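# Residue-level structure breakdown
One-letter residues, chain by chain:
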Amino acid sequence: MKNQTTAPKDYDRIEAPSSVPYFALGIFCLVYSMIFPLYLWWHYLIPAAIGGALFWLLRRFIRPRYVTVEAVFEGKRTVSGKRAIKYAAVFVCIMIVFSIIYGGIRSINTYRDTVVKAYREGLAGKSAVSIAETGENLITVANRYIPDDESVKQLKKTLEVSKSNISASAVDNNISAVLNSALSVCDKLSERILTEDDSAYVVKFRAQFKSDYKVLCGDEYNSKALEYNKTLKIYPAKLFADMAGARELPLFSDNTIKTEEK
């Protein structure tokens, strides 16, 4: 029987860098994206600095491990440590990309929710509800004189949309359209001969509409919404807003309604 000869083999101890810094960096990126805003480019400066420092410190203080590998005669080596580093690097890249997308979408939605909360809990939201309620009272009076008038029908239609959105706590509640329709009805009623009480009601309603809308326009919500809308025009916030389906918020100003007295 013939003896088979093989290439001589020996064993080496090879230094294999730790993959811990890579995995730690990936986890740091994910955690940071879950807590802090990431919808503007300068939001990435702090995590980049912290992440870079974390990676450098871990690489410096976590000693590489030594693995025993087979050194084949032809000079080819299979070092499991280097393969682990490749996997860890791929993991980091995936985590960074995911964190950017997730953090950008999450934080732009959080920003919008903060502004909407200011609307709901502030004077703006209360004024919108008051305008809708006054509009309902105006319809009651208008039905006694001009029930089939186009302005009354328009007011009813805009109120339906407005009440539906207000009940859903939506900011885009069509309140400006309600106000303009209501003022048109007031104008039409002022041309009719009304009872003394109804005439007083119409004057009161008109004043109430304008008072509520003035409060709505002066509420801090408008400045916050304006800043939010400006942010959506800046990259990468615009990209994240498009991905999240976040639209600009409505602004309320005196220029959007008819203010002239008739």
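Calculation criteria
- Residues numbered from 1 in each chain as written.
- Predicted model: local features only at pLDDT ≥ 70, side-chain atom pairs only at ≥ 80, totals over all residues.
- Heavy atoms only, no water.
- Helix = DSSP H or I, 4+ residues; strand = E, 2+ residues; numbered from the N terminus.
- Expected span 1.5 Å × (residues − 1).
- Buried < 20%, exposed > 50% of the residue type's maximum accessible area, 1.4 Å probe, protein only.
- 1 Å grid on protein atoms, 1.4 Å probe; cavity = no way out; pocket = protein on both sides within 12 Å on 5 of 7 lines; lining within 4 Å.
- Points joined across faces, edges and corners; volume = space filled by probe spheres on them.
- Nonpolar A, V, L, I, M, F, W, Y, C, P; charged D, E, K, R; others polar.
- Phe/Tyr/Trp six-rings, centres within 6.5 Å; stacked < 30°, edge-to-face > 60°.
- Salt bridge = Lys/Arg side-chain N within 4 Å of Asp/Glu carboxyl O.
- Patch = residues over 30% accessible without salt bridge, like charges linked within 9 Å, V, L, I, M, F, W, Y side chains within 5 Å.
- Areas by Shrake-Rupley, 256 points an atom, 1.4 Å probe, with all protein chains shown as cover.

### Here's the deal with helix H7 (residues 196-218)
Compared with an ideal rise of 1.5 Å per residue, which puts 23 residues at 33 Å, H7 spans 33 Å between its outermost C-alpha atoms and is within 8% of the ideal. For H7, the complete set of buried residues consists of Asp198, Val202, Phe205, Arg206, Phe209, Asp212, Tyr213, Leu216 and Cys217.

### Digging into the layout of surface pockets
If you add up the space inside the largest pocket, you get close to 210 Å³. If you trace the largest pocket, you find 13 residues lining it, with Cys29, Tyr44, Pro47, Ala48 and Ile96 closest to the centre. Only helix H1 (20-35), helix H2 (45-61) and helix H3 (80-121) provide two or more residues apiece to the lining of the largest pocket. Taken together, the residues of the lining of the largest pocket sort by class into ten nonpolar, three polar and no charged.

### Describing the packing of aromatic side chains
Evaluation of the coordinates by the stated rule reveals nine aromatic pairs. Summarising the aromatic geometry, the rings of Phe28 and Tyr32 are spaced 5.9 Å apart at their centres and angled 50° between planes, so their arrangement reads as tilted. Here Tyr32 and Phe28 lie together in helix H1, a separation of four residues that amounts to about one turn. Per residue, the accessibility class of Phe28 equals that of Tyr32, and both read buried. Among the aromatic residues, those joined into a ring-pair cluster are Phe28, Tyr32 and Phe36.

### As for unusual backbone geometry
A cis amide bond, omega 5°, links Tyr235 with the succeeding residue Pro236. Inspection of the secondary structure puts Pro236 in the loop between helix H8 (220-231) and helix H9 (237-244).

### A few points about the pattern of salt bridges
Under the counting rule described, the total for this entry stands at five salt bridges. For Arg144, the salt bridge identified is with Asp198, shortest N-O distance 2.7 Å. Here Arg144, found in the loop between helix H4 (123-142) and helix H5 (150-167), pairs with Asp198, found in helix H7; they are 54 residues apart in sequence, far enough to count as distant. Assessed through its relative accessible area of 48%, Arg144 is described here as partly exposed.

### Describing a nonpolar patch on the surface
Among the surface-exposed residues, Ile27, Val31, Met34, Ile35, Phe36, Phe98 and Tyr102 lie close enough to one another that they form a single nonpolar patch of about 660 Å² accessible area. Counting only elements with at least two residues in the nonpolar patch, the list comes to H1 and H3. Relative to the assigned elements, Ile35 resides in helix H1.

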